[in-house]
Protein chains: 2
Amino acid sequence: MDKINKVVNGITGLDHRLMDKAQERLDNLTKPLGSLGRLEELAKQVVGITAEENPTLKNKVIFTLAADHGATEEGISAFPKEVTAQMVYNFLGGGAGINVLAKHVGARVVVVDIGVAGNLKIPSTIHYPSSNKNNLFWDKKMAMGTNNFAKGPAMSRDQAVRSIEVGIEVFEEEAANGLDIAGTGEMGIGNTTAASAITAVFTKALVEDITGRGTGINEQGLKNKIRVIKDAIRINKPDSKDAIDVLAKVGGFEIGGLAGIILAAASRRKPVVIDGFISGAAALIAYGIEPKTKEYMIASHSSAEKGHKVILDYIGLKPLLDLDLRLGEGTGAALGINIIEAGIKVMTEMATFKSAGVSIKENK
Amino acid sequence: MDKINKVVNGITGLDHRLMDKAQERLDNLTKPLGSLGRLEELAKQVVGITAEENPTLKNKVIFTLAADHGATEEGISAFPKEVTAQMVYNFLGGGAGINVLAKHVGARVVVVDIGVAGNLKIPSTIHYPSSNKNNLFWDKKMAMGTNNFAKGPAMSRDQAVRSIEVGIEVFEEEAANGLDIAGTGEMGIGNTTAASAITAVFTKALVEDITGRGTGINEQGLKNKIRVIKDAIRINKPDSKDAIDVLAKVGGFEIGGLAGIILAAASRRKPVVIDGFISGAAALIAYGIEPKTKEYMIASHSSAEKGHKVILDYIGLKPLLDLDLRLGEGTGAALGINIIEAGIKVMTEMATFKSAGVSIKENK
């Protein structure tokens, strides 16, 4: 817990003096006031986050954390849990959605096994550090997946703390290798069930209103999933005032790890781009531990999973994109990073009215 | 008119056989069915448009057409009309919003003077063809701006036809230089007034409901702008069944040129990405001439100018982005092109379940 406390104590507010300067700068660019809308807001926010007048996003990192969920034995997912491990291989082979989209936006993908059920056979050549700097792997396995939270807590409190610490550690290592912006991503068969449970506990929303079909269950499967979530909350009684208790009882290792990444990003003054529903649940945990993390978060998109909007509204985040994505892995975060970079380039590369010899407004 | 008729006759439907194949391919990629939402739809649409199984977007072109508007003498804009010419210099100097965003997404900007009021002094070094392949210039000036449509037609019918032909000509030339996707953009002080008039004529919306503050007029300026638009429609009586009549009476040269670009793109089976409100008005003209153009259009964003949504709903286009942009120039189109490219890469670069050894759905 010392590691978490130290990080939390390092989280302060945005640099409002530099944000005011950024606003002034934006207002002098050759465009009508505010006409680049959210691109301008993003540039200003990143100035406030980084406390740099000319931030650049050279090193973009998507953290894709993988873990399994004991609750899969309740039949909550359309895919077998073996897919979690199979997808880790796919990430490392470069064939998954996140690989394609991260490459598209110039980000590196950092894959972390924080609790995959199965002994992964990762060739040492793609172990971190490796020559393939675009697909990196960290072995931080804590267990062979969580316990079935329909029958008891998903993990111990110590494990919950440790999962957050793993996120902090991985972030710190990657920051040392160069990191200007982080995106959250995950893979874990069954993890929309955990995300729904976490969302219900924090936001007090009805389980029915924040539970979707995940990878594609049918109506009967959805009813069963809702039953499992309700059982998990009833049996474990997570305390919404204690985010680590919520994580331990109805969370997942990858969700704890992502909460750690969000906390570490905020303490290091780096923007952290939140992907979809499961990343949103991790944001709830981080926000529950330290509400100031909110100012360092940028919501990349609004997921097709209906609970996601409830999370964003609860924290007070406005998503950048609405493309009906529901894949996770960090795919929405990658696209969001590209929009944020566009905003920063607008601020730092456009000509001013004066430098371009363009007349300013005459009428009102 | 022969040139327009020839282009229109060349516009056919999408290739639905290849779109079905694209859907099958998307469904075999390592992700839950449909979980990349609109990225998948975009890939499929581009396959249908191009009739290519593996489309690439190597050559991206933003067409930024500039022209002036006689109605500016009614005091409808917050900026003086000289800004149109000044911004053309800014485009060619690389300092405008569209330069920054086009560069961000790897597009070239093609600037066309189709009716700027003033003799531009463009150094021959940046005349097309030039060594600077990212910022190209075409001198296609038809007049020193349109006439004041509050007092009579903006242009003659012959000029309206000619403005569309200019767009077709520029598109054809650029297609010969390499063009896989086009984005529409414009610059013209006063052109939101023309766009509102066109929108009112086609959609029958109330002028008040589709007229915004453009570059930033105040409440009194907005009232005056609405008055000018109503006068223009009352005096000129544009015929909504005759798109060229609408363009002639209440349009602008850049709007006609963009309509030509949209028609030419459709006839050449190239996706054309529609920017904001003024580009939307050009889309209305193209759609009025040939409704099949709709299938070749992709709406990049929903502008902060309120009439834009009315246009998109009328044609039946769903915007990709909602970032409160209202700059024009093609800025939203540039960002949209990047999302479309992401969709194509997903389709063509992701692994299949089989190739990656990932289990398929077991439960339902």
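What comes next concerns the included structure. Bear in mind that the values here come from a model prediction, so they are computed numbers and not experimental data. Per-chain numbering applies: the sequence of each chain, read as written, is numbered from 1 onward. For this description, chains carry letters from A and ligands carry numbers from 1, given in the order in which they are written. Reporting of local features is limited, given that this is a predicted model, to residues whose pLDDT is at least 70; pairs of side-chain atoms are given and counted only at 80 or more, and all residues count toward the totals for whole chains, interfaces and linings. Heavy atoms throughout the structure, all of them, feed into the side-chain values; hydrogens and water do not.

**Notes on the overall build of chain A**
- By definition, any uninterrupted DSSP run of H or I lasting at least four residues is a helix, any uninterrupted run of E lasting at least two residues is a strand, and each is numbered from the N terminus. Secondary structure summary: chain A contains 14 helices and 6 strands in total.
- Taken over C-alpha atoms, the radius of gyration is set against a globule rule of 2.2 Å times the number of residues to the power 0.38. Taken against the 2.2 N^0.38 rule, which gives 21 Å for 364 residues, the C-alpha radius of gyration of chain A at 20 Å falls within 12% of a compact globule.
- When the backbone C-alpha atoms are referred to their principal axes, chain A occupies close to 70 × 45 × 40 Å.
- When each of the 364 residues of chain A is scored for burial, the buried share is 65%.
- Contacts are assigned to residue pairs with any non-hydrogen atoms lying within 4.5 Å of each other. Taking all contacts inside chain A whose residues are at least 6 apart in sequence as the whole, residues at least 24 apart take part in 80%.
- Carbon together with sulfur atoms contributes 49% to the accessible area of chain A, which is approximately 12,400 Å² in total. For every residue, the accessible area (1.4 Å probe, protein chains only) is compared with the maximum for its type, and the residue is labelled buried under 20%, exposed over 50%, or partly exposed between those bounds. Calculation of accessible area relied on Shrake-Rupley with a 1.4 Å probe; when residues are assessed, cover is drawn exclusively from the protein chains displayed.

**Things to note about helix α9 (residues 243–250) of chain B**
- A large share of α9 of chain B lies buried, amounting to 7 of its 8 residues.
- Along α9 of chain B, the residues classified as buried are Ala243, Ile244, Asp245, Val246, Leu247, Ala248 and Val250 of chain B.

**Things to note about the relation of the copies chain A and chain B**
- Copies are brought into register by a least-squares superposition over C-alpha atoms of residues with pLDDT of at least 70 in both. When chain A is brought onto chain B, the operation consists of a screw motion whose angular component is 180° and whose axial shift is 0.0 Å, with 0.0 Å RMSD remaining. Read as a symmetry element, the transformation amounts to a two-fold axis. Within chain A, the C-alpha atom positioned nearest to the axis of rotation is that of Leu321 of chain A, 3.1 Å from it.
- Taken together, the interface assignments show that 100% of the residues at the interface of chain A recur at the interface of chain B, consistent with an identical surface on both copies.

**Describing the nonpolar core**
- Among buried residues, the Ala, Val, Leu, Ile, Met, Phe, Trp, Tyr and Cys ones that are joined through side-chain atoms within 4.5 Å form a nonpolar core. Counting residues in each nonpolar core, the largest one holds 276 residues, and the members touching the most others are Leu39, Phe63 and Ile340 of chain A together with Leu39, Phe63 and Ile340 of chain B.
- Those residues within four positions of Ile340 of chain B in sequence are excluded, and the remaining contacts are Leu42, Val46, Leu57, Ile181, Val273, Ile298 and Leu320 of chain B.

**Regarding the interface of chain A and chain B**
- Opposite the 59 residues of chain A that make contact, chain B presents 59 residues.
- By buried area we mean how much accessible surface two parts lose on assembly, using a 1.4 Å probe and totalling the loss over both. At the boundary of chain A with chain B, total buried surface from both sides reaches about 5,000 Å², with 61% on carbon and sulfur atoms.
- Of all residues in chain A, the largest losses of buried area upon contact with chain B belong to Val100, His104 and Leu323 of chain A, amounting jointly to 11% of the total for that side.
- Only one rule defines a salt bridge in this text: a Lys or Arg side-chain nitrogen within 4 Å of an Asp or Glu carboxyl oxygen. Our count for the chain A to chain B interface comes out at 2 salt bridges.
- The salt bridge involving Asp324 of chain B is made with Lys318 of chain A; its shortest N-O contact spans 3.7 Å.
- Pairing of N or O atoms within 3.5 Å defines a polar contact, subject to two protein rules: one partner must be a possible hydrogen donor and the other a possible acceptor, and residues neighboring in sequence count only if both atoms are side-chain atoms. Summed over the shared surface of chain A and chain B, the number is 18 residue pairs in polar contact (both at pLDDT 80 or more).
- For the side of chain A that touches chain B, the secondary-structure elements that each account for two or more residues are α3 (37–50), α4 (82–93), α5 (97–105), α13 (331–349) and α14 (353–356) of chain A.
- Here the side of chain A that touches chain B gets 9 residues from one element, more than from any other, and that element is α13 of chain A.
- Grouping the constituent residues of the side of chain A that touches chain B by class yields 28 nonpolar, 18 polar and 13 charged. Amino acid classes used here: Ala, Val, Leu, Ile, Met, Phe, Trp, Tyr, Cys and Pro are nonpolar; Asp, Glu, Lys and Arg are charged; the rest, including Gly, are polar.

**Regarding unusual backbone geometry**
- Although it is not a glycine, Lys237 of chain A adopts a positive phi angle of roughly 45°.
- When you line up the elements, Lys237 of chain A lands in the loop between α8 (219–236) and α9 (243–250).
- On the accessibility criterion, Lys237 of chain A (60% relative accessible area) is exposed.
- The backbone of Arg269 of chain B sits at a positive phi, close to 55°, despite the residue not being glycine.
- Looking at the element boundaries, Arg269 of chain B is found in the loop between α10 (253–267) and β5 (272–274).

**Here we look at helix α6 (residues 157–176) of chain A**
- One less than the number of residues in a helix, times 1.5 Å, gives the span that helix is expected to have. Given a rise of 1.5 Å per residue, 20 residues ought to cover 28 Å, and the 29 Å separating the end C-alpha atoms of α6 of chain A matches this to within 8%.
- Following α6 of chain A by one or two positions, Gly178 of chain A adopts a phi angle in the positive range, close to 110°.

**Some words on the pattern of salt bridges**
Residues and elements named next belong to chain B.
- For the coordinates displayed, the defined rule picks out 42 salt bridges over all chains.
- For Glu341, the salt bridge identified is with Lys60, shortest N-O distance 3.2 Å. Of the two residues, Glu341 is situated in helix α13 (residues 331–349) and Lys60 in strand β1 (residues 60–67); the sequence distance between them amounts to 281 residues.
- The buried category is assigned to Glu341, whose relative accessible area is 12%.
- The exposure class of Lys60 is buried, given its relative accessible area of 7%.

**Quick look at the packing of aromatic side chains**
- Classification of ring pairs rests on two measures: the distance between centres of Phe, Tyr or Trp rings, Trp counted by its six-membered ring, which must be within 6.5 Å, and the angle between planes, read as stacked under 30 degrees, edge-to-face over 60 and tilted in between. One pass over the full model with this rule turns up 6 aromatic pairs over all chains.
- Where Phe353 of chain A meets Phe79 of chain B, the ring centres are 6.2 Å apart and the plane angle is 15°; that geometry is what we call stacked. Taken as a pair, Phe353 of chain A in helix α14 and Phe79 of chain B in the loop between β1 and α4 (82–93) lie in two separate chains rather than in one. Summarising the burial analysis for this pair, Phe353 of chain A and Phe79 of chain B share the class buried.

**Quick word on the pairing of strand β4 (residues 181–187) of chain B**
Residue and element names in this part refer to chain B.
- The buried count for β4 comes to 7 of 7 residues, which makes it a mostly enclosed element.
- Of the two faces of β4, the one carrying Ile181, Gly183, Gly185 and Met187 and the one carrying Ala182, Thr184 and Glu186 are both buried.
- Looking at chain direction, β1 and β4 are connected through 7 bridges and run parallel. By the bridge assignment for β4, Val61 is matched with Ala182.
- If DSSP finds at least two bridges between two strands, the strands pair. Where β4 and β5 come together, 2 bridges link them in parallel fashion. Bridge pairing links Gly183 to Val273 in β5.

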